[in-house]
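Residues per chain, in single letters:
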Amino acid sequence: MSSKPGESVKDVVARGISRRYRNERIFRALGLGALCIGLGFLAFFFYTLIANSYTALRQTRVLLDINFDAAVIDPAGNRAPDDLATADYQRLARDALNAMFPDITARAERRELNALLSSGAGLELRSLVIGTPTLIGTKEPVWLLVDDDVDVVVKGHMSRDLPENQRRLNDRQLRVVMALEQQGRIEQRFNRYFFTNGDSRDPELAGIWSATVGSFFMLLVTLALSFPVAVATAIYLEEFASRNRWTDLIEVNINNLAAVPSIVFGLLGLALFINLFGLPRSAPLVGGLVLSLMTLPVIIIASRAALTAVPPSIREAALGLGASKMQMVMHHVLPLAMPGMLTGTIIGMARALGESAPLLMIGMVAFIVDIPKSPLSPSTALPVQVYLWADSPERAFVERTSAAIVVLLVFLLVMNATAILLRKHFERRY
Amino acid sequence: MGNQTRHSPGISRLMCFILATASAAACGSAQAQAARDYISIVGSSTVYPFATVVAEQFGRTTKFKTPKIESTGTGGGLKLFCNGVGVQHPDIANASRRITQTEVDTCAKNGVKEIVEVKIGYDGIVVANSKSAPHFNLALRDLYLALAKNVPDPAGAPKLVPNPYKKWSEINAKLPADKIEILGPPPTSGTRDAFLELVMEPGAKTFPFVAGLDKDAFTAGSHTLREDGAYIEAGENDNLIVQKLEANPHQLGIFGYSFLEQNADKIQGSQINGVGPEFEAISAGKYPISRPLFFYVKKAHVGVIPGIKEYLSEFTSDAALSDTGYLSDKGLIPMNDKERKAVVADAKGLAAMTMSGGH
């Protein structure tokens, strides 16, 4: 590319120009290609996730004419709440189903027929009766939950044409389901239990709410601890501390801490909070403490960067007008740095939300049915719930696993949106 | 400057809110763990699906809270269980193998002296492949030769050589000429422990000179699995193995019976020594790879933590444990009536276990 004798600069440039244009085109094509690959993966991810999860929003139910028999529900006839709570409601559902198929009489076949109903059917009837005791003695049509095996077949996740020994439902059970379908007594309805229940071993009753509440408590503790501590640390290091070997050492250590694998914090939490301080296992408080240790360095680093980005002229102007150093930080520097600090907090909290490895050590990988009432109740977290369902043998958990991932993503989006709104609120330009 | 003062209160309000929640959380921790009103259970991930069903049923039908069940693995669970007596320690440990003497000693050292052992039934381990592939009939010896890192010299010399087998047909002419590829659990899994004990050891013992090795050499020879790609550690997630088998008909997978039962439309269980992994065969003890499942109760906690006795009677009730019980619906292989009656009687009397006695 060296210039030949007698050639002007203009010629040299002209000779190379097409090559330079070509290089640019290639570079732009590569960049666009990388972007497309990234978007392609994202589209694939969302497609599989949504395709697998949307069926979990609906749950198969069967319409049964329930005879709210006073002799079964309340034999004593005094409507005592204890009697109403402990009656055999599953029997009401079973009787109604059996009445529709009077030709099935053999004990074993009756059992198969009853297995089509979910154990949740009785629970639903119980809450109906306790809510309106006047139902007793009447006959009402009620849409009741069916077993997850029926649900899987009705949704078409398991083919009906398979040989009998490869199906979860045998031929007789399948005939009953098809007969009910023909009478229009089988329908898919909105699956509200998925959003209101805790975990369950019956997929049709399993819900995400206890894990969501657990994650919420945990993140509340994390935010409450790590945000003020991190901001205070960053302000002190950036605005007040003198630069010497000690602050350098601290800085290096904070940077290193941000890169420590999260499981290590779990071990630390187990040794410190549970074994030494005697805090309960599986509590969101301990989870939050562990996660705040993990998030602290991330927020400190982001907050320090945000403070450094505030122009020195602002500090000088404030000091020049007679503000104390404290006033200068609180009135001028902090408000300007706050959006950057909030960004760091979003990143840290998003990481904390998706974390399951440290929670393993402190006992949050657990079967939790009851909705946690406080940061001390035993609970689990969203990513852990995803893991537990992915590991369950029942086929109906496949769609619920995907749906739980969607809930996790929505939780993340809501959290980020809140932080972005806050940031917009505080953002100001000079 | 006016702009400035408009925003400052916002920030201080935010800070105030955060500090208030922080102090609320801190106050809460002060009264932590004064008492516990729910049962805390830890242990095996194999027993987890059964224990959770019982716990849920127990929470629904009694006035007690639903027990908390952690899936920690058998070893990890027993370690927590043996840490001591008191509300901060678990009340019950699930196990997919019997508690060992070492663990009983650790327990005793930490004050956990009386332990009630409850056997709940059996679990079969299956070797399965995709329905679209040929059905395997494997002998334990075939599996040993396919999976051990060092195997007896195919030339016949009485020494162990690095595993030379690439295809099933090289091991046994009756098997297909497919590449050996088996997906299975990692070393932390109880399923793997059981597989080593129930398949690899008896498989190795079919060679007289291997059986004659001293204990350490025998264990090393039979418990070390191949690392050349024929054995693929697939993680603890059995559903993942099922999906992979469906996608690749040339692979076999090792996992618990309940996953085969739930996915009978996609995968088939290989026959082992001529016996298929079927419910009746496993419960009759004819299927060679099955193991007992247990849970252990800390006797010192009975009466202190509410509901332990009632949980025990729910778990050992006919509605749960019998061959038509709800646990067998979930894939547990029940004990026969005689064995079950003995177990139920022991559980009712809270008879403390002894290692030598065994049940």
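Residues numbered from 1 in each chain as written. Chains lettered and ligands numbered in written order. Predicted model: local features only at pLDDT ≥ 70, side-chain atom pairs only at ≥ 80, totals over all residues.

Let's talk about the overall build of chain A
Link 1 in the chain: For chain A, the count of helices and strands is 18 helices and 4 strands.
Link 2 in the chain: In summary, chain A has a C-alpha radius of gyration of 31 Å against a globular reference of 22 Å for 430 residues, an excess of more than 25%.
Link 3 in the chain: Summarising its shape, the C-alpha atoms of chain A cover approximately 105 × 65 × 40 Å along the three principal directions.
Link 4 in the chain: Considering only residue pairs separated by 6 or more positions, chain A has 77% of its internal contacts joining residues 24 or more positions apart. (Helix = DSSP H or I, 4+ residues; strand = E, 2+ residues; numbered from the N terminus. Rg over C-alpha atoms; globule rule 2.2 N^0.38 Å. Contact = placed C-beta atoms within 7 Å.)

Side note on the interface of chain A and chain B
Link 1 in the chain: Chain A puts 45 residues into the contact, and the matching count from chain B is 40 residues.
Link 2 in the chain: Mapped onto the side of chain A that touches chain B, the elements with two or more residues apiece are helix H10 (209–240), helix H15 (325–354), strand E4 (366–367) and helix H18 (397–426) of chain A.
Link 3 in the chain: Sorting elements by how many residues they give to the side of chain A that touches chain B places H10(A) first, with 7 residues.
Link 4 in the chain: Considered class by class, the residues forming the side of chain A that touches chain B number 27 nonpolar, 11 polar and 7 charged.
Link 5 in the chain: For E4(A) and strand E2 (residues 68–70) of chain B, the ladder comprises 2 bridges, and the chain directions are antiparallel. Within E2(B), the position partnered with A:Ala366 by the bridge is B:Glu70. (Nonpolar A, V, L, I, M, F, W, Y, C, P; charged D, E, K, R; others polar. Pairing = 2+ DSSP bridges.)

So, the domain arrangement of chain A
Link 1 in the chain: Domain boundaries assigned for chain A yield domain 1 (9–54), domain 2 (58–198) and domain 3 (209–426).
Link 2 in the chain: Using C-alpha coordinates to define each centre, domain 1 of chain A is positioned 56 Å away from domain 2 of chain A. (Domains from an automatic or database assignment.)

Remarks on the environment of A:Ala323
Residues and elements named next belong to chain A.
Link 1 in the chain: By the secondary structure assignment, Ala323 is in the loop between helix H14 (312–320) and H15.
Link 2 in the chain: Overall, Ala323 belongs to the partly exposed group, with 16 C-beta atoms counted inside 10 Å.
Link 3 in the chain: Other than its neighbours up to four places away in sequence, Ala323 contacts Ala318, Met328 and His331. (Buried ≥ 20, exposed ≤ 12 C-beta atoms within 10 Å, placed from the backbone.)

Thoughts on the packing of helix H4 (residues 89–100) of chain A against helix H6 (residues 120–131) of chain A
Between two packed helices, both the angle of their axes relative to each other and the distance between the axes serve to describe the pair.
Residues and elements named next belong to chain A.
Link 1 in the chain: The N-to-C vectors of H4 and H6 enclose an angle of 110°; their axes lie 7 Å apart at closest approach. Judged by the inter-axis angle, H4 sits roughly perpendicular to H6. Where H4 crosses over H6, the handedness of that crossing is right-handed. Contact with H4, carried on its side by Tyr89, Gln90, Leu92 and Ala93, involves Ala121, Gly122, Leu125 and Arg126 of H6 and no other residues of that element.
Link 2 in the chain: Along the lines of polarity and charge, the residues of the contact of H4 with H6 split into 5 nonpolar, 2 polar and 1 charged. (Axes fitted to C-alpha atoms, helices over the stretch in contact; angles between N-to-C directions. Parallel < 35°, antiparallel > 145°, perpendicular 65-115°, else oblique. Left-handed = near helix turned anticlockwise from the far one by under 90°.)

Points about the packing of helix H2 (residues 48–61) of chain B against helix H13 (residues 308–315) of chain B
All names here are of chain B.
Link 1 in the chain: Orientation of H2 relative to H13, taken along the N-to-C sense of each, is 120°, at an axis distance of 10 Å. Compared by their axis directions, H2 and H13 come out oblique. Where H2 crosses over H13, the handedness of that crossing is right-handed. Of the residues in H13, those in contact with Val54, Gln57 and Phe58 of H2 are Glu310, Tyr311, Glu314 and Phe315.
Link 2 in the chain: Within the contact of H2 with H13, the residues separate by chemical class into 4 nonpolar, 1 polar and 2 charged.

Some thoughts on the sheet that holds strand E1 (residues 58–67) of chain A
Residue and element names in this part refer to chain A.
Link 1 in the chain: In spatial order, the strands read E2-E1-E3; together these 3 strands make up an open sheet with antiparallel pairing. Both edges of this open sheet fall to strand E2 (139–145) and strand E3 (186–190), since each of them pairs with a single strand only. Across the sheet, the mean angle from the axis of one strand to that of its neighbour is 45°, orientation sign disregarded.
Link 2 in the chain: Here E1 pairs with E2 via 7 bridges, running antiparallel. Across the sheet, residue Asn67 finds its bridge partner in E2, namely Lys139.
Link 3 in the chain: Running at roughly 85° to E1, H4 makes contact with E1 and E2 of the sheet.

Section: the environment of A:Val129
All names here are of chain A.
Link 1 in the chain: Examined against the element boundaries, Val129 turns out to sit in helix H6.
Link 2 in the chain: With 21 C-beta atoms counted inside 10 Å, the residue Val129 sits in the buried group.
Link 3 in the chain: Linking Val129 and Leu84, residues 45 residues apart in sequence, is a C-alpha distance of 7.6 Å.
Link 4 in the chain: When sequence neighbours within four positions are dropped, the list of residues in contact with Val129 reads Phe68, Ile73, Leu84, Leu135 and Ile136.

A look at the domain arrangement of chain B
Link 1 in the chain: When cut into domains, chain B gives domain 1 (40–123 + 291–348) and domain 2 (124–290).
Link 2 in the chain: Split into classes, the residues belonging to the side of domain 1 of chain B that touches domain 2 of chain B amount to 4 nonpolar, 7 polar and 4 charged.

Points about unusual backbone geometry
For residues other than glycine, phi is negative in most cases, and the peptide bonds are mostly trans.
Link 1 in the chain: For A:Ser282, which is not glycine, the phi torsion reads 65° and is therefore positive.
Link 2 in the chain: Its place among the elements puts A:Ser282 in the loop between helix H12 (262–276) and helix H13 (284–308).
Link 3 in the chain: Its identity as a non-glycine residue notwithstanding, B:Asn273 has a phi of 50°, on the positive side.
Link 4 in the chain: For B:Asn273, the position within the fold is in the loop between strand E12 (271–272) and helix H12 (279–283).
Link 5 in the chain: A count of 15 C-beta atoms within 10 Å places B:Asn273 in the partly exposed class.

Quick word on H12(A)
All names here are of chain A.
Link 1 in the chain: The end-to-end C-alpha separation of H12 is 20 Å, in line with the 21 Å expected for 15 residues at 1.5 Å each.
Link 2 in the chain: If you check which residues of H12 are buried, you get Phe265, Gly266, Gly269, Phe273 and Ile274.
Link 3 in the chain: Those residues of H12 that are buried are in contact with H13 and helix H16 (357–361).
Link 4 in the chain: Gly278 lies just past H12 and shows a positive phi near 70°. (Expected span 1.5 Å × (residues − 1).)

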